[in-house]
Amino acid sequence: MDDYNAEVFANRDDPIPSIILDSSTPPQPHTPSTSAEHSDAETPSLPKGLRGRFSAFKEKAKIQDQLVERLLAQVVPLDDAHIPQDEPSQKSGVPGVVRPNFNLTTMSNNFRRFNARIGVVFVFQARVERVLAWKRPTHTLSFLAIYTFLCLDPSLLPLLPLTILIVGILVPSFVARHPAAEFGLSSEQAIGYSPHGPPLAPAITVKPVKELSRDFFRNMRDLQNGMEDFSQLHDGIIKLMVPRTNFSDEALSSALFIVLFAACLFMCIASNLLPWRLIFLALGWAVTFMGHPAIQGQLLTAHEKHIHPQEEKARGWAEKWVERDVILDNAPETSEVEIFELQRLSGAGEWEPWLFSASPYDPLSAGRIAGDRPAGTRFFEDVLPPKGWEWSEKKWALDLWSREWVEERIITGVEVETEGERWVYDIYDEQAAEKVGVIEQPTPGKGKDKANAPPPKPSWEEGEDGDGRRGDWRRRRWVRLVKRKNIPEAAA
């Protein structure tokens, strides 16, 4: 802060440059400088006194509101449009935090307050650019010396913010309150700086820039260029990264995935063996020297002469490698879905079609025990594929291996038909015709009770060889192949 000692922060040097990544992007029109040259000194004199000051304040606020509202009107057309508002959250937020919806008046006020205070960011950005562009070689070399110490001894990193606080803020603030004595060339004796004595000057306080002043428009200028920089960088990153990482070209994205995965494996093994201090030191010096104007010209010449002619060759080699070594599965993913045809025994002793259900509705199923009716549809045509899938076959196929799906689900209390139509019947329970479940065998007693006990009834699985009586329900399994359905681009 040796060359800048003011109460407000604004970039009074060259404007923040606007980055152009794409040569096809049309240049942005330059705004006229008439408004930027406006200052408080150029405003006409107004009547003095309390009433005159109040009138001047109202007139100035009116001009500010009109200016900001015109800027916002270019972004948010509010002629007949309805601004969508979010529903207020029902959850209790953090105490003291208010998140109002969009309001043009609030937006205008916040923009003016933000623009009056954003100058410190642009001042810091301008100084970083001056250091990296070698505007003052001594400053750049000092930065490289500090960076070298931090790379060689990273334990000094916590010392950096403390040093910045002392050297960059506290010392300049003290010097501002205790300024050095002034003396001319004709003085017989030069008076050195002395920090002794009471403070002679007022303390420095940081204030927002005055609205509609030159610094206010300088901040708007740099904010405008900063928004353009962000938009250009955003579009450039999207153009570079998204086509290679969103699997629009699956072969290229798969090859990139393989390369990154191999790099991850290599870093997991060799990360502790790499000299990271020297790597970061070399990178920092290389990036800083690339900002030197003379080196920039040499780099551009070398790029046009040596690298640019080889880019097409390298790109062609990479495309051939991807086409030759990356093999994709072009067949769509398929899966098998099932549906169970349920039939119920009528009072006349005939089996009546009931419905098609996703569950076999076996005797020990939760819905059966709870007494719920089976859920499903009455016709085959009403059975739909799962969401995101479509039919791969035209017709349903009867599952001839009924015993397998019964055993996979560990279903008991049923009789499996191994031939014919492959029905799986409920077993009839003589002791409880309407009850389903596992028969509990009585505990065998001793002596006469054990001798007089009736022979055990067959379990559900053994009922296949019983007297032929069956329960009220039977079912069989149908299967059909489905494949993944392509999602249209509009829906994606």
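For the structure itself, consult the block above.
Quantities reported herein were computed from a predicted structural model and do not represent experimental measurements.

A.B. asks: What exactly am I supposed to notice about the packing of aromatic side chains here?
C.D. replies: The description of two aromatic rings rests on the distance between their centres and on the angle between their planes. Under the defined criterion, the tally for this structure stands at 14 aromatic pairs. Note on Phe 257 and Phe 261: the rings are 6.2 Å apart at their centroids and 15 degrees apart in plane angle, and the pair reads as stacked. With Phe 257 and Phe 261 both in helix H7 (residues 250-270), this residue pair falls four residues apart, about one helical turn. With a relative accessible area of 54%, Phe 257 lands in the exposed category.

A.B. asks: How should unusual backbone geometry be read in this particular structure?
C.D. replies: Negative phi is the rule for most residues except glycine; trans is the rule for most peptide bonds. Unusually for a residue other than glycine, Tyr 361 sits at a positive phi of about 55 degrees. Residue classification places Tyr 361 among the buried positions, given a relative accessible area of 10%. At Ile 410, a position not held by glycine, the phi torsion is positive, near 55 degrees. For Ile 410, the location among the structural elements is in the loop between helix H11 (402-408) and strand S5 (414-416). Residue classification places Ile 410 among the exposed residues on the basis of a relative accessible area of 69%.

A.B. asks: Even after reading the chapter, I still don't get the environment of Val 175, so can you show me in this structure?
C.D. replies: Within the secondary structure, Val 175 is located in helix H5 (residues 159-177). With a relative accessible area of 37%, Val 175 lands in the partly exposed category. For Val 175 and Tyr 193, which are 18 residues apart along the polypeptide, the C-alpha to C-alpha distance reads 9.7 Å.

A.B. asks: What's the story with the nonpolar core in this structure? I'm lost.
C.D. replies: Generally speaking, a soluble globular protein has its nonpolar side chains buried in company with each other. In terms of nonpolar packing, the biggest core is built from eleven residues, these being Phe 340, Leu 342, Leu 355, Tyr 361, Trp 405, Val 406, Ile 411, Val 414, Val 416, Val 424 and Trp 473. For this core, the elements supplying multiple residues, two or more each, are strand S1 (334-345), H11 and S5. Beyond its immediate chain neighbours, meaning those up to four positions away, Phe 340 contacts Leu 355, Phe 356, Ser 357, Ala 358, Ser 359, Pro 360, Trp 405, Arg 409, Arg 475, Arg 476 and Arg 477. Ranked by size, the runner-up nonpolar core spans ten residues in total, among them Phe 111, Ala 116, Phe 217 and Met 220.

A.B. asks: Could you clarify how one ought to interpret the pairing of S1 in this entry?
C.D. replies: Within a regular strand, side chains alternate between the sheet's two faces. Where S1 meets strand S7 (residues 470-484), eleven bridges bridge the pair, whose relative direction is antiparallel. Bridge pairing in S7 places Arg 344 opposite Trp 473. In the sheet, S1 pairs with strand S2 (residues 351-357) via six bridges, with the strands oriented antiparallel. Paired with Arg 344 across the two strands is Glu 352, which belongs to S2. Taking the residues between adjacent antiparallel strands as the criterion, S1 and S2 are bridged by five residues, where Gly 349 takes a positive phi near 85 degrees.

A.B. asks: Even after reading the chapter, I still don't get helix H6 (residues 214-245), so can you show me in this structure?
C.D. replies: Within an α-helix, residues lying three or four positions from one another point in the same direction, as the helix has 3.6 residues per turn. Between the first and last C-alpha of H6 there are 46 Å, a value that for 32 residues agrees with the 46 Å anticipated at 1.5 Å per step. The axis of H6 is deflected most strongly, by about 25 degrees, at Ile 238. All of the buried residues along H6 are Asp 215, Phe 216, Phe 217, Asn 219, Met 220, Asp 222, Leu 223, Asn 225, Glu 228, Asp 229 and Gln 232. Immediately beyond the C-terminal end of H6, within one or two residues, lies Phe 247, with a positive phi of roughly 60 degrees.

A.B. asks: So what exactly am I meant to see when it comes to a negative patch on the surface here?
C.D. replies: A grouping of Asp 249, Glu 250, Glu 319 and Glu 323 is seen on the molecular surface, where their side chains present a negatively charged patch. As for its position among the elements, Asp 249 is in the loop between H6 and H7.

What counts and how
Residues numbered from 1 in each chain as written. Predicted model: local features only at pLDDT ≥ 70, side-chain atom pairs only at ≥ 80, totals over all residues. Heavy atoms only, no water. Phe/Tyr/Trp six-rings, centres within 6.5 Å; stacked < 30°, edge-to-face > 60°. Helix = DSSP H or I, 4+ residues; strand = E, 2+ residues; numbered from the N terminus. Buried < 20%, exposed > 50% of the residue type's maximum accessible area, 1.4 Å probe, protein only. Core = buried A, V, L, I, M, F, W, Y, C linked by side-chain atoms within 4.5 Å. Contact = heavy atoms within 4.5 Å. Pairing = 2+ DSSP bridges. Expected span 1.5 Å × (residues − 1). Bend = angle between axes of the 7 residues up to and from the residue. Patch = residues over 30% accessible without salt bridge, like charges linked within 9 Å, V, L, I, M, F, W, Y side chains within 5 Å. Areas by Shrake-Rupley, 256 points an atom, 1.4 Å probe, with all protein chains shown as cover. Salt bridge = Lys/Arg side-chain N within 4 Å of Asp/Glu carboxyl O. Lys, Arg positive; Asp, Glu negative; His and termini not counted. Charge placed at Lys NZ, Arg CZ, Asp CG, Glu CD.

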